[in-house]
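Structure assessment
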Protein chains: 2
Amino acid sequence: MRKPVLLYGLLGGVLIVALKLIEYRWLVVEHSLEIYGGLVAVIFAGLGIWLGLKLTRKSETVIVREVEVPAPADFTRDNSKVESLGITPRELEILEFIAAGLSNKEIAERAHVSENTVKTHSSRVFDKLGARRRTQAVQLGKEFRLIP
Amino acid sequence: MRKPVLLYGLLGGVLIVALKLIEYRWLVVEHSLEIYGGLVAVIFAGLGIWLGLKLTRKSETVIVREVEVPAPADFTRDNSKVESLGITPRELEILEFIAAGLSNKEIAERAHVSENTVKTHSSRVFDKLGARRRTQAVQLGKEFRLIP
DNA sequence: CCGCGCGTCACCCGAACGGATGATTTTGGC
DNA sequence: GCCAAAATCATCCGTTCGGGTGACGCGCGG
């Protein structure tokens, strides 16, 4: 921004000098004062506009607009967390069923295992998550990015 | 953008007229041609710059950079759903506690009511949601945008 | 081959939960 | 002030959950 200003200032100076010369030339050929003034006015007005445009053209305002992305369907499982907690795939699967609001019996049906097995898995995953209730397990599971 | 241009055009016209008048006045008092020309030049240059700035101020090159914002803090309760289901504020509050993974006893403590009351509220909200388990109630609550 | 992790299943028991029902008090609007 | 809705508390009962424990089979790597 510094450089262009100086440059334009210089350019303005040069133009003014040029106009001074032109002024004398106009005087020599004896034109009317009104025409002379008008011309100077028009020229400098144009120059000013051009200068103004040039000066502001550079100042593009970058507006960073934070746009809400509609669908944050960008769930990615935190596998490091899964491993650090020692949660097995089967346990994770059961946790997902729990999060879906299913009872142990329903989970048993969908997972093709006995209800007791579901209980074992859920107990284990609760233990690993530090949860005492299935709702808490769901809450923690979401917090830890284990389930969507 | 149309209006300002016209406005500035008009303003420019007015100023030109004013300058014409000034011009004649200057003539009357018989100042030197150089000073007169310089003044006109300076005035019109300033006017031009000002005009140019004004004109381009509006037409700033706006670069909209869409930034992926995580922002899950965009939860707004679907009050119409709340009303259509006939869920009371207290019930909603209990539902939130349930979603937080608290037991009825814990909820009773935090809400300063007896466990029985919590059970009543939860039973009612389950009924209204069509849920049979608290995990399912949480799931449905989130689906219906009743809780974050 | 033996142990280990994982998945599977079972039983018991106490705690928590859910459903049904009834009652009383508070609150807010007309 | 009255009425309806909401909030409160209670009791009973059956179901579900969660914790604890034990056991069996399978696959994989030491």
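Since the structure is predicted, the reported quantities are computational estimates derived from the model, not experimental observations.

What chain A contains, in helices and strands, is 7 helices and 1 strand. Beginning at the N terminus, the succession of helices and strands in chain A can be written as α-α-β-α-α-α-α-α. For chain A, the proportion of its 148 residues judged to be buried stands at 23%.

A word on helix H6 (residues 115-129) of chain B. Residues and elements named next belong to chain B. Taking 1.5 Å per residue as the helical rise, H6 with its 15 residues ought to reach 21 Å, and the 21 Å between its terminal C-alpha atoms agrees with that figure. The complete set of buried residues in H6 reads Val 118, His 121, Ser 122, Val 125 and Leu 129. Looking straight down H6, one finds its buried side chains confined to an arc of 95°; they lie on one side. Set apart from the buried face of H6 by more than 90 degrees, the exposed residues are Asn 116 and Ser 123. Gly 130, located one to two residues past H6, shows a positive phi value of around 80°.

Further remarks concern the nonpolar core. Soluble, globular proteins show a tendency: their nonpolar side chains are buried together. Within the largest apolar cluster, 31 residues are counted, with the highest numbers of intra-cluster contacts made by Ile 98 and Ala 137 of chain A together with Ile 98 and Ala 137 of chain B. In this structure Ala 137 of chain B touches Leu 95, Ile 98, Val 125, Phe 126, Leu 129 and Ala 131 of chain B, once residues within four positions along its chain are discounted.

Below, the discussion takes up the protein's contact with DNA strand D. Not every one of the 22 residues close to DNA strand D is listed here, only the nearest: Ser 103 and Asn 104 of chain A together with Thr 88, Arg 90 and Val 113 of chain B. Elements with a minimum of two residues in the surface near DNA strand D: helix H5 (104-111) and helix H6 (115-129) of chain A together with helix H4 (89-99) and H6 of chain B. Among the elements that take part in the surface near DNA strand D, H6 of chain A stands out by supplying 5 residues, more than any other. Each residue belonging to the surface near DNA strand D can be placed in one class, and the counts come to 3 nonpolar, 11 polar and 8 charged.

Near DNA strand C lie 23 residues; those nearest to it are Thr 88, Arg 90, Val 113 and Ser 114 of chain A together with Asn 104 of chain B. For the surface near DNA strand C, the secondary-structure elements that each account for two or more residues are helix H4 (89-99) and H6 of chain A together with helix H5 (104-111) and H6 of chain B. Of all the elements, H6 of chain B adds the most residues to the surface near DNA strand C, at 5 residues. The residue makeup of the surface near DNA strand C, split by class, is 3 nonpolar, 12 polar and 8 charged.

Now for the environment of Gly 101 of chain B. Mapping Gly 101 of chain B onto the fold places it in the loop between H4 and H5. On the basis of neighbour count, Gly 101 of chain B is assigned to the buried category, with 21 C-beta atoms found within 10 Å. Each C-alpha atom of the pair Gly 101 of chain B and Arg 134 of chain B lies 9.4 Å from the other, and the pair is 33 residues apart in sequence. The residues contacting Gly 101 of chain B, other than those within four sequence positions of it, are Arg 133, Thr 135, Gln 136 and Gln 139 of chain A.

Before going further, it helps to examine the environment of Leu 129 of chain B. Within the fold, Leu 129 of chain B resides in helix H6. Setting aside chain neighbours within four positions, we find Leu 129 of chain B in contact with Leu 85, Ala 137, Leu 140 and Gly 141 of chain B.

What follows covers the packing of H5 of chain A against H6 of chain A. Residue and element names in this part refer to chain A. Axis separation between H5 and H6 bottoms out at 8 Å; the angle between their running directions is 105°. Considering the angle they form, H5 stands roughly perpendicular to H6. Touching Asn 104, Lys 105, Ile 107, Ala 108 and Ala 111 of H5 are Glu 115, Val 118, Lys 119 and Ser 122, all from H6. Each residue belonging to the contact of H5 with H6 can be placed in one class, and the counts come to 4 nonpolar, 2 polar and 3 charged.

For helix H7 (residues 134-143) of chain B, the tally of buried residues reaches 7 of 10 residues, placing the bulk of the element in the interior. All buried positions along H7 of chain B are accounted for by Arg 134, Thr 135, Ala 137, Val 138, Gln 139, Leu 140 and Gly 141 of chain B. Those residues of H7 of chain B that are buried lie in contact with H4 and helix H7 (134-143) of chain A together with H4 and H6 of chain B.

Quick notes on the rules
- Residues numbered from 1 in each chain as written.
- Chains lettered and ligands numbered in written order.
- Predicted model: local features only at pLDDT ≥ 70, side-chain atom pairs only at ≥ 80, totals over all residues.
- Helix = DSSP H or I, 4+ residues; strand = E, 2+ residues; numbered from the N terminus.
- Buried ≥ 20, exposed ≤ 12 C-beta atoms within 10 Å, placed from the backbone.
- Expected span 1.5 Å × (residues − 1).
- Arc of directions from axis to C-beta.
- Core = buried A, V, L, I, M, F, W, Y, C linked by C-beta atoms within 7 Å.
- Contact = placed C-beta atoms within 7 Å.
- Near = placed C-beta within 6 Å.
- Nonpolar A, V, L, I, M, F, W, Y, C, P; charged D, E, K, R; others polar.
- Axes fitted to C-alpha atoms, helices over the stretch in contact; angles between N-to-C directions.
- Parallel < 35°, antiparallel > 145°, perpendicular 65-115°, else oblique.

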